[in-house]
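Here's the letter readout for the chains.
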Amino acid sequence: MKKSRIGLFAAALSLGLLAAPERQIAQTTTLDSHQQLTREIFHQLIEINTTDSVGDCTAAANAMAARLKAAGFADADFKVLGPNPRKGNLVARFRGTGARRPILLLAHLDVVEARREDWSFDPFRFLEKDGYYYGRGASDDKAMAAIFIANLIRFKQEGFKPDRDIIVALTADEEGGDFNGVDWLVKNHRGLIEAEFGLNEGGGGAIRDGKKLFNSVQASEKVYQSFLLEVKNKGGHSSRPVKDNAIYNLAAGLQRLAQFEFPVNLNEVTRAYFERVSKIEGGETGAAMKGVIQNPPDAGAVAYLGNFPAYNATMRTTCVATMLQAGHAENALPQTARATVNCRILPTETAEQTRETLVKVVNDSRIAITPIREPKPSRPSPLAAEVMKPIETITEQMWPGVPVVPTMSTGATDSLFLRNAGIPMYGTSGIFGDIDDSRAHGKDERIGVKSFYDGQEYLYRLVKAYASPNANQRQTANTRR
Ligand SMILES: [Zn+2]
């Protein structure tokens, strides 16, 4: 069965993980003044280490604040704040008329760890080579951070008068650490980031064999939840074994779980995803996608798509055993056996419903099933015309014939904190990447030079479309029609 790469790509993209294949001698590419500024900001951000171990997000936030000040932003229009000296967040506001509620542009400043010996060159030195920009955070997530700041400065320089405030938040600890900036801002400074909706990482363009396939918009995320499965037993001497054994009981329960699949349960986002990707995939896979969006879903189609991990994870909640621990001595019958089961729950289902299903499937009252940490549910963002139309219009303008595909990611971004707080978030960047070349969190992370500036232009046009007074009249006229 043809291994489907679009699903893997969509999954990878949700995690903001891809680079573009364009081969260009970037040196010969002349950059206009806006592109030149964006390149300098990107260079600066890459070279400020913002890892959790030794990095400093406050230094990066201050560097961006200094650029806004130099561009004429008033002190009242930007702040660097956070719960920890190294974990600062920048919140900047480009003021509009207030005719409409603000929009929020979000990117995280922190990056995952990178060791020099694991890379071909220093991960914290900005490098341009063979049509790519290299460095830790190049695609996750410093490209969007640099683009948002550069575009805000461009709006200032152009004297743009938006009919709503444009807020840029560059935050700490998305990748890990104890001071998630978005969660902290929502809890402690909600007013600074209050918005009608916002843009974040998680979406972008897909390329295969040099051909642009689709521009994805992440509108939903599955909920991360692990459960502990534990069996207790009185144990005894292993020279006199009995049938009632903690390890065997747990293993039998896990075996039943291994055979089980949660029911297919599509939502607005995943239904649109399969509907649109079916046309791109075509063939047997495309036909199966059409079968899955039937009501009820076609069983054969479900079974076929279930063979593709990314499509399977898009259709249903998944739970899988990831860790095991049992026994206390080699010569003693085990008194405790534990397993960790990691679930990725559809946003339209709850952790409690999932636990109840696990209880039924495992079907052994000796196995206690308890949630590990509180789940962080996040409701899907509606595919509202006000948000999707400009994305489709600009995608058609910049990449004629390339479809826009809504996606639900199996991984999580900081959008979950905002969706949870009632602010719909959309993962979109306009940054195209190669389906088979995912480097974020990995070695020699990079982004294509052309793809980077295409993303800048896309986000410039998109934010302007969302915040332009006449776009508003046009919109209300359209909706009235
Ligand atoms: Zn990221």
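For the structure, see preceding data.
Values in this document were obtained by computation on a predicted structure and should not be read as measured data.

*Asks:* Let's hear about the overall build of the protein: which residues, and what values?
*Replies:* If you tally the helices and strands in the protein, you get 16 helices and 19 strands. Here the C-alpha radius of gyration of the protein, 24 Å, is about what a compact globule of 481 residues would show, namely 23 Å. C-alpha atoms of the protein, sized along the principal axes, occupy 80 × 50 × 45 Å. In the protein, which comprises 481 residues, the proportion classed as buried is 56%. Once local pairs closer than 6 in sequence are excluded, the contacts in the protein between residues at least 24 apart make up 81%. Here the protein has roughly 20200 Å² of accessible surface; of this, 52% comes from carbon and sulfur atoms. The distance from the centre of the 59 positive side-chain charges to the centre of the 55 negative ones in the protein is 3 Å.

*Asks:* Quick one: what's the story with the coordination of the zinc ion, residue by residue and with numbers?
*Replies:* When a metal holds four donors in a tetrahedron, each ideal angle between them is 109.5 degrees; when it holds six in an octahedron, the ideal angles are 90 or 180 degrees. For the zinc ion, the full set of protein donor atoms is His108 (NE2), Asp140 (OD), Glu201 (OE) and Glu201 (OE), and the range of their distances to it is 1.9 to 2.7 Å. Given four donor atoms and angles of 52 to 145 degrees at the metal, the environment of the zinc ion is assigned as irregular. Within one chain, the residues donating to the zinc ion are spaced in sequence as H-x31-D-x60-E. Remark: Glu201 occurs in the loop between strand E7 (197–200) and strand E8 (204–208) and Asp140 occurs in the loop between strand E5 (132–134) and helix H4 (142–158); sequence separation between them is 61 residues. According to the relative accessible area criterion, Glu201 is buried, its value standing at 4%.

*Asks:* Quick one: what's the story with the packing of aromatic side chains, residue by residue and with numbers?
*Replies:* Tallying each qualifying case throughout the model produces 25 aromatic pairs. Arranged with centres 5.4 Å apart and planes meeting at 25 degrees, the rings of Phe155 and Tyr460 form a pair that is stacked. Linking Phe155 in helix H4 with Tyr460 in helix H15 (residues 449–467), this pair joins segments that are 305 residues apart in sequence. For Phe155, a relative accessible area of 1% corresponds to the buried category. Members of the aromatic cluster, joined through ring pairs, are Phe42, Phe126, Tyr133, Phe452 and Tyr453. In this arrangement the basic side chain of Lys156 is found over the ring face of Phe73, its NZ or CZ atom lying 4.9 Å from the centre.

*Asks:* I'd like to hear about the sheet that holds strand E15 (residues 367–372), residue by residue, with values.
*Replies:* Pairing in this open sheet of four strands is antiparallel, and the strands run E12-E14-E10-E15 from one edge to the other. Edge positions in the open sheet fall to strand E12 (318–326) and E15, since each of these has one partner strand only. Taking each pair of neighbouring strands and ignoring which way they run, the sheet shows an average axis angle of 25 degrees. One ladder, built from six bridges, connects strand E10 (residues 223–232) with E15; its direction is antiparallel.

*Asks:* Give me the lowdown on the packing of helix H3 (residues 57–70) against H4, citing residues and values where you can.
*Replies:* When two helices pack together, their arrangement is given by the angle between their axes and by how far apart the axes lie. For the pair H3 and H4, the least separation of the axes is 10 Å and the interaxial angle reads 10 degrees. Taken together, the axes of H3 and H4 are roughly parallel relative to one another. Considering only the axes of H3 and H4, their crossing is right-handed. Only Ile149, Leu152 and Ile153 of H4 make contact with H3, whose side of the interface consists of Met64, Arg67 and Leu68. In terms of residue class, the contact of H3 with H4 is made up of five nonpolar, no polar and one charged.

*Asks:* Could you give an account of helix H5 (residues 181–188), naming the residues involved and the relevant values?
*Replies:* With six of eight residues buried, H5 lies mostly within the body of the structure. By the burial criterion, the buried members of H5 are Gly181, Val182, Asp183, Trp184, Leu185 and Val186. The elements touched by buried residues of H5 are strand E1 (78–81), strand E2 (89–94), strand E3 (103–108), strand E6 (166–171), helix H6 (190–193) and helix H14 (415–420). Its side-chain oxygen 3.0 Å from the backbone nitrogen of Val182, Asn180 forms the N-cap of H5.

*Asks:* Describe the sheet that holds strand E19 (residues 446–448), and please don't skip the residues or the numbers.
*Replies:* Paired through backbone hydrogen bonds, the strands of a sheet run either parallel or antiparallel to each other. Reading across the sheet, the three strands line up as E4-E5-E19 and stay open at both edges, with antiparallel pairing between neighbours. At either end of the open sheet lies a strand with only one pairing partner, and these are strand E4 (127–129) and E19. Pairs of neighbouring strands in the sheet enclose a mean axial angle of 25 degrees, with direction left out of account. Lying over the sheet, H15 contacts E4, E5 and E19, oriented at roughly 75 degrees with respect to E19.

*Asks:* Please provide a residue-by-residue account of helix H9 (residues 283–292), values included.
*Replies:* For H9, the complete set of buried residues consists of Thr285, Gly286, Ala288, Met289, Gly291 and Val292. As for H9, its buried residues are in contact with helix H8 (268–281), helix H10 (299–305) and helix H11 (309–315).

*Asks:* Hey, could you go over the state of the cysteines for me, with residue numbers and the actual values?
*Replies:* For the structure on display, the rule yields one disulfide. Here Cys319 is linked by a disulfide to Cys343, with a sulfur-sulfur distance of 2.0 Å. Here the S-S torsion is close to 115 degrees, and the disulfide linking Cys319 with Cys343 is therefore right-handed. Taken together, the positions of Cys319 in strand E12 and Cys343 in strand E14 (residues 336–345) put the pair 24 residues apart, joining distant regions of the chain. A single burial state applies to Cys319 and to Cys343, both of which are buried.

What counts, and at which threshold
- Residues numbered from 1 in each chain as written.
- Predicted model: local features only at pLDDT ≥ 70, side-chain atom pairs only at ≥ 80, totals over all residues.
- Heavy atoms only, no water.
- Helix = DSSP H or I, 4+ residues; strand = E, 2+ residues; numbered from the N terminus.
- Rg over C-alpha atoms; globule rule 2.2 N^0.38 Å.
- Buried < 20%, exposed > 50% of the residue type's maximum accessible area, 1.4 Å probe, protein only.
- Contact = heavy atoms within 4.5 Å.
- Areas by Shrake-Rupley, 256 points an atom, 1.4 Å probe, with all protein chains shown as cover.
- Lys, Arg positive; Asp, Glu negative; His and termini not counted.
- Charge placed at Lys NZ, Arg CZ, Asp CG, Glu CD.
- Donors = N, O, S within 2.8 Å, 3.2 Å for Na, K, Ca; no water.
- Tetrahedral: all angles 85-135°; square planar, octahedral: opposite > 155°, others 65-115°.
- Phe/Tyr/Trp six-rings, centres within 6.5 Å; stacked < 30°, edge-to-face > 60°.
- Lys NZ or Arg CZ within 6 Å of the ring centre and 35° of its normal.
- Pairing = 2+ DSSP bridges.
- Axes fitted to C-alpha atoms, helices over the stretch in contact; angles between N-to-C directions.
- Parallel < 35°, antiparallel > 145°, perpendicular 65-115°, else oblique.
- Left-handed = near helix turned anticlockwise from the far one by under 90°.
- Nonpolar A, V, L, I, M, F, W, Y, C, P; charged D, E, K, R; others polar.
- Polar contact = N/O pair within 3.5 Å; in protein donor to acceptor, adjacent residues only side chain to side chain.
- Disulfide = S-S within 2.5 Å.

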